[in-house]
Protein chains: 2
Amino acid sequence: MCEANAYLIEDLPEGPQEKLIMEAVDTVEPTEDGISLMNIFGEQKFLKARIHSLSLVDHKVFLKTEGS
Amino acid sequence: MCEANAYLIEDLPEGPQEKLIMEAVDTVEPTEDGISLMNIFGEQKFLKARIHSLSLVDHKVFLKTEGS
């Protein structure tokens, strides 16, 4: 299976940090004010964020909050 | 390997179409005016686009041109 883990990149004063948001993500779709994530177990999460970057061989999807 | 194929979604008068941009994509990173794609063979492409959505179990990354 080729799902990935989704991380939110947070720009903290001590530097950017990656916070795990969801494991085994299958789809990421834009919504009216952010994105919707669905994993291979059918769990869904909504986040006011956008897709920042991908590292698929590492199974990583990076998200950022809008505006950052 | 968990790379994906990157498709550009084009909104044509007859409906949205998916145009294959790159196969076996590993990383997608933002650049100053778009994105940079790198595949598992080390080939790199720059595109004035953003990541629109993901369907990872289907090995698909969807891109859209800025503004569309």
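Each remark here, short or long, concerns the structure printed above.
Residues numbered from 1 in each chain as written. Chains lettered and ligands numbered in written order. Predicted model: local features only at pLDDT ≥ 70, side-chain atom pairs only at ≥ 80, totals over all residues. Heavy atoms only, no water.

Sorry, what's going on with the state of the cysteines here?
Defined simply, a disulfide is a covalent bond joining two cysteines at their sulfur atoms. Considering all chains together, one arrives at 1 disulfide over all chains under this definition. Covalent S-S linkage joins Cys2(A) and Cys2(B), the inter-sulfur distance amounting to 2.3 Å. Here the S-S torsion is close to -75°, and the disulfide linking Cys2(A) with Cys2(B) is therefore left-handed. Remark: Cys2(B) occurs in the segment before strand E1 (4-12) and Cys2(A) occurs in the segment before strand E1 (4-12); the pair is interchain, linking two chains. We note that Cys2(A), like Cys2(B), is buried. (Disulfide = S-S within 2.5 Å. Helix = DSSP H or I, 4+ residues; strand = E, 2+ residues; numbered from the N terminus. Buried < 20%, exposed > 50% of the residue type's maximum accessible area, 1.4 Å probe, protein only.)

Explanation requested: the layout of surface pockets in the structure shown.
Which parts of space are left empty comes out when a probe the size of a water molecule is rolled across the atoms. Its volume calculated, the largest pocket comes out at about 250 Å³. When contributions to the lining of the largest pocket are tallied by element, the ones reaching two or more residues are strand E2 (15-31), strand E3 (34-39) and strand E5 (49-55) of chain A together with strand E3 (34-39) and strand E5 (49-55) of chain B. Residue contributions to the lining of the largest pocket peak at 4 residues, all from E5(A). Grouping the constituent residues of the lining of the largest pocket by class yields 7 nonpolar, 5 polar and 5 charged. (1 Å grid on protein atoms, 1.4 Å probe; cavity = no way out; pocket = protein on both sides within 12 Å on 5 of 7 lines; lining within 4 Å. Points joined across faces, edges and corners; volume = space filled by probe spheres on them. Nonpolar A, V, L, I, M, F, W, Y, C, P; charged D, E, K, R; others polar.)

Quick question: what am I supposed to make of the interface of chain B and chain A here?
Reports often express the size of an interface as the amount of accessible area lost when the parts come together. Counting residues at the interface gives 20 residues for chain B, matched by 20 residues for chain A. When chain B packs against chain A, the two sides together hide about 1700 Å² of surface, and 68% of this comes from carbon and sulfur. Among the residues of chain B in contact with chain A, Cys2(B), Leu54(B) and Leu56(B) are the three that bury the most area, contributing 39% of the side total. At the junction of chain B and chain A, the tally comes to 0 salt bridges. Elements supplying a minimum of two residues to the side of chain B that touches chain A: strand E2 (15-31) and E5 of chain B. Residue contributions to the side of chain B that touches chain A peak at 6 residues, all from E2(B). Considering only residue class, the side of chain B that touches chain A consists of 12 nonpolar, 5 polar and 3 charged. (Contact = heavy atoms within 4.5 Å. Buried area = accessible area lost by both parts, 1.4 Å probe. Salt bridge = Lys/Arg side-chain N within 4 Å of Asp/Glu carboxyl O.)

Looking at this structure, how should I read the environment of Met38(A)?
Residue and element names in this part refer to chain A. Mapped onto the elements, Met38 comes out in strand E3. Here Met38 falls in the partly exposed class, since its relative accessible area comes to 28%. Ignoring any residue separated from it by four or fewer positions in sequence, one finds Met38 in contact with Met22, Val25, Asp26, Thr27, Glu43 and Gln44.

Please clarify how the pattern of salt bridges should be interpreted in this entry.
Oppositely charged side chains are able to pair whenever their charged atoms sit close together. Residue and element names in this part refer to chain A. Counting across every chain of the model gives 2 salt bridges over all chains. Of the charged contacts in the structure, one is a salt bridge between Lys64 and Asp11, with a shortest N-O distance of 3.2 Å. Taken together, the residues Lys64 in strand E6 (residues 60-65) and Asp11 in strand E1 connect sequence positions 53 residues apart.

Looking at this model, I keep getting lost on unusual backbone geometry. Mind explaining?
With the exception of glycine, the majority of residues adopt a negative phi angle, and the majority of peptide bonds are in the trans configuration. Its identity is not glycine, yet His59(A) carries a phi of approximately 60°, on the positive side. Residue placement: His59(A) occurs in the loop between E5 and E6. Accessibility expressed as a relative area gives 29% for His59(A), which makes it partly exposed. The phi angle at Ala24(B) is positive, at roughly 55°, despite the residue not being glycine. With respect to the helices and strands, Ala24(B) occurs in strand E2.

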